Amino acid sequence: MRYLRCTQKLLKELGEVPSPDIPISNNMTGLGDWYVNLLRINRRKCLLFTNENTLYSFLVPNVRKKEILNIRNEFIVNLVYNLRHEGISDNDITNIEQEYLKIDIAKTKNRSVLGSMNDLTNQVFSILSDPRLEEAPQLGDLNRTLNRIPLSAIGYKYSIDLIKEKMPQQNPISQEIGRNEPC
């Protein structure tokens, strides 16, 4: 089972009380759990999702109460959208969707991830308030920018590179030929 580890502010909005004894997942296969924070940008509610292992993040703007209450579906839909925007293959996306068939809500546990989320939140506010932008950046472009910021918690690497490393490797020769058997 995977978890959306929500901040106190978001848990209050959800009205869900997670069990306090949920351990941090030590399973190193797949992407792992995601942390979620509720932000307000221009008086609108937004959700910031961040992966605990790679710090890959995406912002979901202008969410309403019913979307927050349906946070599991919002997570999957927006994760798939952002991974496609990053050029991740449909096969890899399907594998990721399988990992998150069962999602539960839990409290946050890792302060390092929360600190990185605060840094990313500051970046979002900075990007959106830049007066040099003639129009608001597209959501996919904003999220691409977030995942190309080196973060100290992951050794000043880019989170997009780390998430791509977690994807299963495919045999390029098999893909070119269109067969699954070796040459």
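Description of the structure in this document. (Residues numbered from 1 in each chain as written. Predicted model: local features only at pLDDT ≥ 70, side-chain atom pairs only at ≥ 80, totals over all residues. Heavy atoms only, no water.)

We now examine the packing of aromatic side chains. In this structure the tally under the stated criterion is seven aromatic pairs. Note on Trp34 and Tyr56: the rings are 6.4 Å apart at their centroids and 90° apart in plane angle, and the pair reads as edge-to-face. Note that Trp34 is positioned in strand β2 (residues 34-41) and Tyr56 in the loop between β3 (44-51) and β4 (57-60), a separation of 22 residues in sequence. A single burial state applies to Trp34 and to Tyr56, both of which are buried. Centre to centre, the rings of Phe49 and Phe75 are 5.4 Å apart; their planes meet at 40°, and the pair counts as tilted. One end of the pair, Phe49, is in strand β3; the other, Phe75, is in helix α3 (residues 71-85), and 26 residues separate them in sequence. Judged by its relative accessible area of 0%, Phe49 falls in the buried class. (Phe/Tyr/Trp six-rings, centres within 6.5 Å; stacked < 30°, edge-to-face > 60°. Helix = DSSP H or I, 4+ residues; strand = E, 2+ residues; numbered from the N terminus. Buried < 20%, exposed > 50% of the residue type's maximum accessible area, 1.4 Å probe, protein only.)

Further remarks concern the pattern of salt bridges. Tallying each qualifying case throughout the model produces 10 salt bridges. Among the ionic pairs, Glu13 bridges to Lys45, the shortest N-O distance being 2.6 Å. Placement of the pair is Glu13 in helix α1 (residues 8-14) and Lys45 in strand β3, with a sequence separation of 32 residues. Glu13 gets classed as buried once you look at its relative accessible area, which sits at 16%. In this structure Lys45 comes out as buried when scored by relative accessible area, which is 19%. Note that Arg148 is salt-bridged to Glu86, the shortest N-O span being 2.8 Å. With Arg148 in the loop between α6 (139-146) and α7 (159-165) and Glu86 in the loop between α3 and α4 (90-99), this pair connects stretches of sequence that are 62 residues apart. For Glu86, a relative accessible area of 7% corresponds to the buried category. Shared partners join several salt bridges into a network, and the residues in it are Glu13, Lys45 and Lys65. (Salt bridge = Lys/Arg side-chain N within 4 Å of Asp/Glu carboxyl O.)

In this section: the environment of Asn37. Here Asn37 is to be found in strand β2. Between the C-alpha atoms of Asn37 and Thr121, which are 84 residues apart in sequence, the distance is 9.5 Å. Ignoring any residue separated from it by four or fewer positions in sequence, one finds Asn37 in contact with Thr7, Lys9, Cys46, Leu47, Leu48 and Met117. In this structure the side chain of Asn37 is engaged in a polar contact, spanning 3.1 Å, whose partner is the side chain of Thr7. (Contact = heavy atoms within 4.5 Å. Polar contact = N/O pair within 3.5 Å; in protein donor to acceptor, adjacent residues only side chain to side chain.)

Once that is clear, we can look at the nonpolar core. With 31 residues, the main nonpolar core has Leu4, Trp34, Phe49 and Phe75 as its most contacted residues. Counting residues per element, this core draws most heavily on α3, which supplies six residues. Listed in part, the 18 residues of the second largest apolar core include Tyr35, Leu55, Leu146 and Ile154. (Core = buried A, V, L, I, M, F, W, Y, C linked by side-chain atoms within 4.5 Å.)

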